[in-house]
There are 2 protein chains.
Amino acid sequence: MSKLLIVGTVAFDAVETPFGKTNKILGGSASYIALSASQFNTTSAIVSVVGGDFPEDHLNLFSKKGVDISSIEIIKEGKTFFWSGRYHNNMNSRDTLVTELNVLENFKPIVSNKFKDADILVLGNLHPIVQLSVLDQMNSSSTFVILDTMNFWMDNALGDLMDVIKRVDVITINDEEARQLTGEHSLVSAAKKIHSMGPEYVVIKKGEHGALLFNNDNMFSAPALPLESVFDPTGAGDTFAGGFAGFLSESQKINFESMKNAVIYGSTLASFCVEKFGTERLKSLKSDEIGRRLIAFKKLTQFEIK
Amino acid sequence: MSKLLIVGTVAFDAVETPFGKTNKILGGSASYIALSASQFNTTSAIVSVVGGDFPEDHLNLFSKKGVDISSIEIIKEGKTFFWSGRYHNNMNSRDTLVTELNVLENFKPIVSNKFKDADILVLGNLHPIVQLSVLDQMNSSSTFVILDTMNFWMDNALGDLMDVIKRVDVITINDEEARQLTGEHSLVSAAKKIHSMGPEYVVIKKGEHGALLFNNDNMFSAPALPLESVFDPTGAGDTFAGGFAGFLSESQKINFESMKNAVIYGSTLASFCVEKFGTERLKSLKSDEIGRRLIAFKKLTQFEIK
């Protein structure tokens, strides 16, 4: 079975949407990526850090889903990373209310020997210096690297981020972030510039408008499933990345055709994520539900030229 | 051959984009709709009005493309409708600099006997009262009616607009306009509300993000072709409506499958429109260019579930 290594945050989130409010629930980029990828036939592990306040139940959840948690460091005297945010009415914008880095502040990731030759490495949203440290620990030149990042690192650690971007095969990034990173308004032009920074594949996430996949002159457009209501968008991008990586890990094929499917699987998983608070929907998700939604995606987009 | 009647403005536009500036060029909703629809095998006519200042060359262009211009009234002592606008850098917003209604102010459309039983009627963007007057002159209950409108009429003539909406089979409308018309943020919910106002088919245009087609529980999503540069977005929505109507008129089939193709043809035609100023690109457009771009659209969206 193909090995999938996931680096990112395992955290507490507190979320407020027009539909309600949560206490501290399971959050973090690695949590969403791992739960999403766990829908696929793969051997996965998380590299992350939590505090002594992190419930065993959450860790057990990962284990039950088949995710190796031996590289989630537990700092007993520390507190888990905490993020809190409030979404506005249209769900397209949010305010960050609290960011407490806690144990994340001095996080030195350690990749276990078993995963140093992972087939796929997902660098989830996290400080680029942590992402670089993980890249440096890998010992196989054939590891396929997928990077997810956000505008915060462009604003605050652009040099380090560019060092990471240089070394990855795929980048997944929002449309506005792609524009910020390249100074190009056209996403076609932005993708070209990002190609020249390193990544062979560029995935531009457009939220409710879907995602675009670029590989030089090849383009693929996947819609988001039009939904009557979005309950909580938190983690949708990470869930996309997890589905994307999970599919590639299971299929063990790296080419434009498999990448198209990876985008569709990522979009499908993300469409479930937003239906409930936090990771709730991903926890209960069954494979036949995914199968039905894939068919809905196909029906939504396929046509014959007449 | 199927008869297609187009009601809308035939006008002068002066456009300013980051790429340049035009003098008074051919514009108006009916102009774009007719030039776009003229790519299809159909018998079409425009109902509109111009002033004595309108060049015969523009009228000859329609004739050369096979569009019947006998119902374009020429008011010798009047001036042609004139609109001028300036686009901002990202092309997503524009300022209207000048709107001179001129001959449009007292326009009483007259539908010729030959087109009173048109198979398809396109109500292009125009005052809803003019659209109603045309609807009242039609004498066949089987005429399939496509409405294009804009937020200006929601702000200024909502009652009349609702009377039109009640009587049409398809509405094509922007995402923001669909939200304004219904008070619903979700486009799925907005389409449901618009269905209940009358139209059996709802097409929501999302600019660079493509278009959504709704027919009760059936949904179809078409992307816009990702472009490196948009030269002038003027008339893209009208061109979409023209391609949509032209395809339906040629295919003579009204069902969800043909409507999906109509959306793809509409998007294809619109992707050409924005490549040059005004109607310039539509004037020179060849059917083999359309064929190649349809294949690009298919390549952009089609996938097999693996």
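Given the structure is predicted, the values throughout are model-derived calculations rather than measurements.

## Topic: the overall build of chain A
Along the backbone of chain A there are eleven helices and 15 strands. Along the longest, intermediate and shortest principal axes, the C-alpha atoms of chain A span 65 × 45 × 40 Å. Counting the 306 residues in chain A, one finds 51% classified as buried. Here the analysis covers contacts within chain A between residues at least 6 apart in sequence; of these, 69% occur between residues at least 24 apart.

## What to know about the packing of helix H8 (residues 236–251) of chain A against helix H9 (residues 256–273) of chain A
Residue and element names in this part refer to chain A. Packing of H8 against H9 leaves a shortest axis separation of 7 Å and a crossing angle of 140°. Classified by the angle their axes make, H8 and H9 are oblique. Here the hand of the crossing between H8 and H9 comes out right-handed. The segment H8 lies against H9, with Ala 236, Thr 239, Phe 240, Ala 241, Gly 242, Gly 243, Phe 244, Phe 247, Leu 248 and Ser 251 engaging Ser 258, Asn 261, Ala 262, Val 263, Tyr 265, Gly 266, Ser 267, Thr 268, Leu 269, Ala 270 and Cys 273. Of the residues that constitute the contact of H8 with H9, the class distribution is twelve nonpolar, nine polar and no charged.

## Quick notes on unusual backbone geometry
A positive phi angle is found at Asn 216 of chain A, which is not glycine, with a value near 50°. For Asn 216 of chain A, the location among the structural elements is in the loop between strand S14 (211–215) and strand S15 (218–222). On the neighbour-count criterion, Asn 216 of chain A (12 C-beta atoms within 10 Å) is exposed. With a phi angle near 50°, Asn 102 of chain B is a residue other than glycine that sits in the positive phi range. Here Asn 102 of chain B is to be found in the loop between strand S9 (94–100) and strand S10 (120–123).

## Brief notes about the relation of the copies chain A and chain B
Note on the identical chains: chain A maps onto chain B by a rotation of 180° and an axial translation of 0.0 Å, with an RMSD of 0.0 Å. What the rotation and shift describe, once combined, is the action of a two-fold rotation axis. Mapped onto chain B, 100% of the interface residues of chain A are again interface residues, and the two copies thus contact each other with one and the same surface.

## So, the interface of chain A and chain B
Every contact between the two is made by 29 residues of chain A and, on the other side, 29 residues of chain B. Those elements that place two or more of their residues in the side of chain A that touches chain B are helix H7 (187–197), S15, H9 and helix H11 (287–301) of chain A. When residues of the side of chain A that touches chain B are assigned to their parent elements, the largest contribution, four residues, is made by H11 of chain A. Partitioning the side of chain A that touches chain B into residue classes produces 13 nonpolar, eleven polar and five charged.

## A closer look at helix H5 (residues 158–166) of chain B
Residues three or four positions apart in an α-helix share a direction because the helix packs 3.6 residues into each turn. Residues and elements named next belong to chain B. Within the sequence span of H5, burial applies to Leu 161, Val 164 and Ile 165. Buried positions in H5, seen along its axis, are confined to an arc of 100° and lie on one side of it. Residues of H5 that are exposed and angled more than 90 degrees away from the buried face: Gly 159 and Lys 166.

## Brief notes about H9 of chain A
The terminal C-alpha atoms of H9 of chain A, which comprises 18 residues, lie 25 Å apart, in line with the 26 Å expected from a rise of 1.5 Å per residue. Of all 18 residues in H9 of chain A, 15 are buried; the element is thus mostly enclosed.

## Description of the confidence of the model for chain A
In this model, chain A carries an average pLDDT of 96, and 100% of its residues clear a pLDDT of 70 or more. For this predicted complex, the interface confidence reaches an ipTM of 0.90, while the overall pTM sits at 0.93.

## Brief notes about the pairing of strand S5 (residues 43–51) of chain A
In summary, the side chains of a regular strand alternate between the two faces of the sheet. Residue and element names in this part refer to chain A. Of all nine residues making up S5, seven are buried, and the element is well covered by its neighbours. As paired elements, strand S1 (residues 3–7) and S5 share five bridges and run parallel to each other. What sits directly across from Leu 4, in S5, is Ser 44. Of the pairings in the sheet, the one linking S5 to strand S6 (residues 67–68) comprises two bridges and is parallel in character. For Ala 45, the partnering residue across the bridge sits in S6 and is Asp 68. Considered for its hand, the β-α-β crossover made up of S5, helix H2 (residues 56–64) and S6 is right-handed.

## Digging into the environment of Leu 61 of chain A
Residue and element names in this part refer to chain A. Turning to its location among the elements, Leu 61 is positioned in helix H2. By the C-beta count within 10 Å, which is 19 here, Leu 61 ends up partly exposed. Once the C-alpha coordinates of Leu 61 and Lys 283 are considered, the two residues, 222 residues apart in sequence, prove to be 8.3 Å apart.

## What to know about the nonpolar core
If you look at the biggest cluster of nonpolar residues, it comprises 189 residues, and the most contacted ones within it are Ile 6 and Ile 146 of chain A together with Ile 6 and Ile 146 of chain B. Ile 146 of chain B has contacts with Ile 120, Val 122, Leu 123, Val 168, Asp 169, Val 170, Thr 172, Ala 241, Phe 244 and Ala 245 of chain B, leaving out every residue within four places of it along the chain.

## Here's the deal with the packing of helix H1 (residues 29–37) of chain A against H8 of chain A
Residues and elements named next belong to chain A. Put simply, H1 and H8 touch, their axes get as near as 7 Å, and they point 40° apart. The angle between H1 and H8 places the two elements in the oblique class. Considering only the axes of H1 and H8, their crossing is right-handed. Counting all contacts with H1, which are made through Ser 29, Tyr 32, Ile 33, Ala 34, Leu 35, Ser 36 and Ala 37, the residues of H8 involved are Asp 238, Thr 239, Ala 241, Gly 242, Gly 243, Ala 245, Gly 246 and Ser 249. The residue inventory of the contact of H1 with H8, partitioned by class, reads seven nonpolar, seven polar and one charged.

## Let's talk about the environment of Thr 149 of chain A
Residues and elements named next belong to chain A. Inspection of the secondary structure assignment puts Thr 149 in the loop between strand S11 (144–148) and helix H4 (151–156). We classify Thr 149 as buried; it has 26 C-beta atoms within 10 Å. The spatial distance from the C-alpha of Thr 149 to the C-alpha of Ile 165 is 9.6 Å, given a sequence separation of 16 residues. Excluding its chain neighbours within four sequence positions, the residues that come into contact with Thr 149 are Asn 125, Leu 161 and Ile 173.

Criteria and thresholds
- Residues numbered from 1 in each chain as written.
- Chains lettered and ligands numbered in written order.
- Predicted model: local features only at pLDDT ≥ 70, side-chain atom pairs only at ≥ 80, totals over all residues.
- Helix = DSSP H or I, 4+ residues; strand = E, 2+ residues; numbered from the N terminus.
- Buried ≥ 20, exposed ≤ 12 C-beta atoms within 10 Å, placed from the backbone.
- Contact = placed C-beta atoms within 7 Å.
- Axes fitted to C-alpha atoms, helices over the stretch in contact; angles between N-to-C directions.
- Parallel < 35°, antiparallel > 145°, perpendicular 65-115°, else oblique.
- Left-handed = near helix turned anticlockwise from the far one by under 90°.
- Nonpolar A, V, L, I, M, F, W, Y, C, P; charged D, E, K, R; others polar.
- Least-squares fit on C-alpha atoms with pLDDT ≥ 70 in both.
- Arc of directions from axis to C-beta.
- Expected span 1.5 Å × (residues − 1).
- pLDDT = per-residue confidence, 0-100.
- Pairing = 2+ DSSP bridges.
- Right-handed = clockwise from strand over helix to strand, strands pointing away.
- Core = buried A, V, L, I, M, F, W, Y, C linked by C-beta atoms within 7 Å.

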